[in-house]
Each structure stands twice: as C-alpha cells, then as structure tokens.
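Descriptive analysis of the structure
Okay, here's what each chain looks like letter by letter:
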Amino acid sequence: MSDKILVTRSSMPSKEEYFEEIKSLWDSHWLTNMGEKHNRLEKSLKEYLGVSNISLFSNGHMALELVLQALDLHGEVITTPFTFASTTHAIVRNGLHPVFCDIKEDDYTIDETKIESLISERTCAILPVHVYGRMCNVEAIESIAGKHHLKVIYDAAHAFGVRYKGKGSASFGDASMLSFHATKVFNTIEGGAICFQNNNLEERLYSLKNFGIQSETLVSGVGANAKMNEFQAAMGICNLAHIEEEIQKRKKVYDRYMDNLEGLAGIGLVKPKLGETSNYAYFPVIFDETQCGQTRDDVYDRLAENNIYARKYFYPLTSEFECYKGQFAGTQTPIAKYVSERILCLPMYADLETRIVDRICNIIVSKIL
Ligand code: T4K
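Here is a short report on the structure shown in this document.

Cut-offs used in this document
- Residues numbered from 1 in each chain as written.
- Predicted model: local features only at pLDDT ≥ 70, side-chain atom pairs only at ≥ 80, totals over all residues.
- Heavy atoms only, no water.
- Patch = residues over 30% accessible without salt bridge, like charges linked within 9 Å, V, L, I, M, F, W, Y side chains within 5 Å.
- Areas by Shrake-Rupley, 256 points an atom, 1.4 Å probe, with all protein chains shown as cover.
- Salt bridge = Lys/Arg side-chain N within 4 Å of Asp/Glu carboxyl O.
- Helix = DSSP H or I, 4+ residues; strand = E, 2+ residues; numbered from the N terminus.
- Buried < 20%, exposed > 50% of the residue type's maximum accessible area, 1.4 Å probe, protein only.
- Pairing = 2+ DSSP bridges.
- Axes fitted to C-alpha atoms, helices over the stretch in contact; angles between N-to-C directions.
- Contact = heavy atoms within 4.5 Å.
- 1 Å grid on protein atoms, 1.4 Å probe; cavity = no way out; pocket = protein on both sides within 12 Å on 5 of 7 lines; lining within 4 Å.
- Points joined across faces, edges and corners; volume = space filled by probe spheres on them.
- Nonpolar A, V, L, I, M, F, W, Y, C, P; charged D, E, K, R; others polar.
- Polar contact = N/O pair within 3.5 Å; in protein donor to acceptor, adjacent residues only side chain to side chain.
- Disulfide = S-S within 2.5 Å.
- Core = buried A, V, L, I, M, F, W, Y, C linked by side-chain atoms within 4.5 Å.
- Near = heavy atom within 4 Å.
- Sits in = over half its atoms within 2 Å of the grid points.

A surface patch of nonpolar side chains, amounting to about 250 Å² of accessible area, comprises Phe-211, Ile-213 and Val-219. Of note, Val-219 is situated in strand 12 (residues 218-219). Take Val-219: its relative accessible area is 53%, and that puts it in the exposed class.

Moving on, we come to the sheet that holds strand 13 (residues 267-269). Pairing within the open sheet is antiparallel, and its three strands lie in the order 13-15-17. For this open sheet the edge positions go to strand 13 and strand 17 (343-346), each flanked by a neighbour on one side alone. On average, adjacent strands in this sheet sit at an angle of 35° to one another, irrespective of strand direction. Pairing analysis gives three bridges linking strand 13 to strand 15 (residues 283-287), with the strands arranged antiparallel. Residue Gly-268 lies in a different strand from strand 15, and its bridge partner there is Ile-286. With respect to the sheet, helix 9 (residues 243-261) is in contact with strand 13, strand 15 and strand 17, its orientation differing from that of strand 15 by roughly 20°. Running at roughly 50° to strand 17, helix 12 (residues 334-342) makes contact with strand 15 and strand 17 of the sheet.

When its volume is computed, the largest pocket comes out at roughly 660 Å³. Surrounding the largest pocket, 34 residues form its lining, Phe-84, Lys-184, Tyr-282, Tyr-313 and Phe-314 being those nearest its centre. Breaking the lining of the largest pocket down by element, the ones donating at least two residues are helix 4 (60-70), helix 5 (85-92) and strand 9 (175-179). Looking at the lining of the largest pocket, the element that brings in the most residues is helix 5, giving three residues. A breakdown of the residues in the lining of the largest pocket according to their chemical character gives 18 nonpolar, 11 polar and five charged.

Here the focus is the side chain of Glu-21. Secondary-structure assignment places Glu-21 in helix 1 (residues 15-22). Exposure remark for Glu-21: the relative accessible area of 16% places this residue in the buried category. At a separation of 2.7 Å, a polar atom in the side chain of Glu-21 contacts the side chain of Arg-40. In this structure, Glu-21 is in contact with Lys-37, Arg-40, Ala-234, Ile-237 and Cys-238, ignoring residues within four places of it in sequence.

Covalently bonding the sulfur atom of one cysteine to the sulfur atom of another cysteine gives a disulfide. A complete count under the given rule lists zero disulfides for this structure. The thiol of Cys-136 is unpaired, and the distance to the nearest cysteine sulfur, on Cys-101, comes to 10 Å. Residue class for Cys-136 comes out buried when judged on its relative accessible area of 0%.

Our focus in this paragraph is the nonpolar core. Counting residues in hydrophobic clusters, the biggest one holds 86 residues, and the most contacted among them are Leu-45, Phe-82, Tyr-108, Tyr-257 and Leu-346. What Phe-82 contacts, discounting residues up to four positions off in sequence, is Ile-103, Tyr-108, Val-131, Tyr-132, Tyr-313, Phe-314, Leu-317, Ala-336, Val-339, Ser-340 and Ile-343. By size, the runner-up hydrophobic cluster in this structure holds 28 residues, among which are Leu-96, Ala-157, Met-177 and Ala-224.

Here we take up the site of the ligand. Lining the immediate surroundings of the ligand are 26 residues, of which His-61, Asp-155, His-158, Ser-179 and Tyr-313 lie closest. A distance of 2.9 Å is found between an oxygen atom of the ligand and a backbone nitrogen or oxygen belonging to Gly-60. Here an oxygen atom of the ligand sits 2.8 Å away from a polar atom, N or O, in the main chain of His-61. In the complex, the protein chains occlude 75% of the 920 Å² of accessible area that the ligand would expose alone. Its atoms largely coinciding with the cavity grid, the ligand occupies the largest pocket.

Structure representation (structure tokens):
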C-alpha cells in the first residue's frame, strides 16, 4: 500500500533556512510579545499584500473574533453557512447573531443579490467569505454596505496572495482576516492577520490581542491573548521568501486536475473570475450524481480505499452544527445545502506529484457513466 495522500501538506522552508532564522532567538531570549521577527514579518506582509494596515495574530480565528470586538458591533451579522466553523463561531462568541445568506452556484461565495432582503434594523455588519480563495462580489457588497451603513469584514482565510483588479484580496471592506495556518498557501505554523482600512483600529487590535493592556498600569479593554510568537514569525519570514514559487507549483497541480476533469458530465469545477489571480489554495469538485453516476460520498470512500484522503469542506453547513441545533430554524440557504452535500476538496499542495493527480482523477473518471 502506498503512503497516505492527505488533502494538503504544509509547505516548509529547508531546515537550514529555518534554523538560520531562529538562531538569533538564543541570543535575544525574546520569544514573543511583538518581537523583532514579528515586526519584520508584519512589515514585509504589508508590502506583499498591498494593504494599508495589518496586525498579526496567533491564529486566524482569534484575529476574526478580536476584529469583531474591536469594531464594537451589536446585533445581527449577515454571513454564509458554507464555511469553516470559525466564521460562525467568531460571530456567536462575540454575542452577535448570525443571519445566513445563501451562496452562488458558480463560485460558492455569498449571493449579493440576496443580502438586502436580510437586512433589518438590527443588522450591523456583513461577514462574507472568500471561500477557497474565490473573491466575493466586493463591488456589490461595498455598495450595499454603504447604502445601509454597515461594516464589512471579510473572512479571507483562504485568499492569501489572491489579487482582484490589481488590488490585494485583503484590501477590501473595513477589514479582512487572513489565516496562516499550517494548511494554508502561506503558513506561520499557526497564525493569522487582520488587514484594515481605518488607522484608528491599530491601537485597539494591538491592545485586544494583548489582554487589553495599554500600559503597565492601564488595561482599557477586555482583551485576549492572541499574539504571534517569534518562532511562528520566523516560519513566516522563511515561507514568504518562497511564496511565488509555492503558488506556481500549486498552479501546475491545478492545471493537471483541470486537464483531467474539465468538461466531464456531472463534475462541477470553479475557475477564477475575470480580473482575479488565483492562489490555487483548494481544488473543490461538485459531484452531481444524476449526471456522473456517483455521489460525493461514493468518491470520498473510493479514494479512501486507495489511501487518498479528500475532505468534505464544507459539510455540514455551520447553521446545521449540533451546537446550533434549533437556533436557526427557517434559515433558507438551498444552494449552500446543495453544494455542501456534493462538494469534495481533492488533495492540493505544492509538492503533489502530477502522477498522483492522474491517479486521483483515474479513480474518479473510471466510474463516470
Ligand atoms: N475561516 C475559514 C474560512 C477557514 O477555513 C479557517 C480555517 C478559519 C477561518 C480559521 O483560521 P485558523 O484559526 O485555523 O487560522 C483545517 C485547518 O486547521 C483550518 O485552519 C482550516 N480553516 C480548515 C479548512 O482546515 P481541519 O480540521 O480540516 O484540520 P486537520 O487537522 O484535519 O488537517 C487537514 C489536513 O491538513 C491533514 O489531513 C493534513 C494536513 N496538515 C494538517 C496539519 C495540522 C498538514 O499538512 N500539516 C499540519 O500541521 O482544519
């Protein structure tokens, strides 16, 4: 039996590069709390991402929770249930109420035409997700938010390095959260960031990720501990040096999948929209059993029998999680439901060999009617 192929595999610099980067920590003994490497990475990322402000965090989830707190939101937040647990949990853990909007069938992002009908006098913000690194309709969302005086916070966990009409993916809305988790295109082991427009948020985010401390004797906010440490930042510094190569290698994997699967009956694939450059973060496929003769679960099982572990990102919908049982009765998101029951993310990472991609595709194609 060959080695397991998992849905992704962390990209890492060489041992030598990382060891060289962390060596100085044994001189400084400064390991966390906004150290030299943290500050250097923050500056480099600001340039690479083309954003006006950035604040680094211990992980993407805490970044999202704390930006919602920093914006001092109250009431309802319009979002989508087709996402990772983090998005909905961040809303709920802030004492806010998620209102679920459906997604679009072509790119699985929030359906901007359905947002306005969900706005009530309690709505304070929209929290759309650039799911799989596909950009939401940022123009339409900006216009709706402007008209109704709502904040826009993007969950851009998947969108590192994506550009839209020449602008970095994290430069839209009031703020965007990026995840630098080990499974992402760019990783700091665990980590994340908030990119934001209003300079006034800087101090608030800085303080909230450090217990709300402003000075040795002044604690002005009920903060958390969500600081990125120096070992994380060192990993980020090393990985950022290879990011273009990383994305190009992923593109080769994407192209190979497309060569094998594009145009097949019952197989739904997403492509970058006009003006969008991709980071090839995920390779999601929809299996429509009425046309391709196999359900998503059939494919998942058959791949697993062959030691290939695809993932059902994102099933179930967050609105259907056990912990939210009975809370979102009446939520109507039929497209999100359809997609979540048919989607499978195939293995996708920079070093995935093309012969393995071909093997995965053969297992799928061999059963197509
Ligand atoms: N918003 C969205 C839309 C998100 O997708 C996420 C995270 C967040 C917010 C929150 O951001 P963070 O707080 O995580 O920064 C994984 C990731 O842990 C999670 O970051 C990610 N989304 C989610 C989509 O995927 P799991 O539960 O699937 O992880 P796990 O442990 O099953 O790993 C999946 C595969 O990744 C493994 O089969 C192998 C590979 N892997 C995993 C780890 C931990 C590695 O290659 N290296 C590793 O170190 O959630």
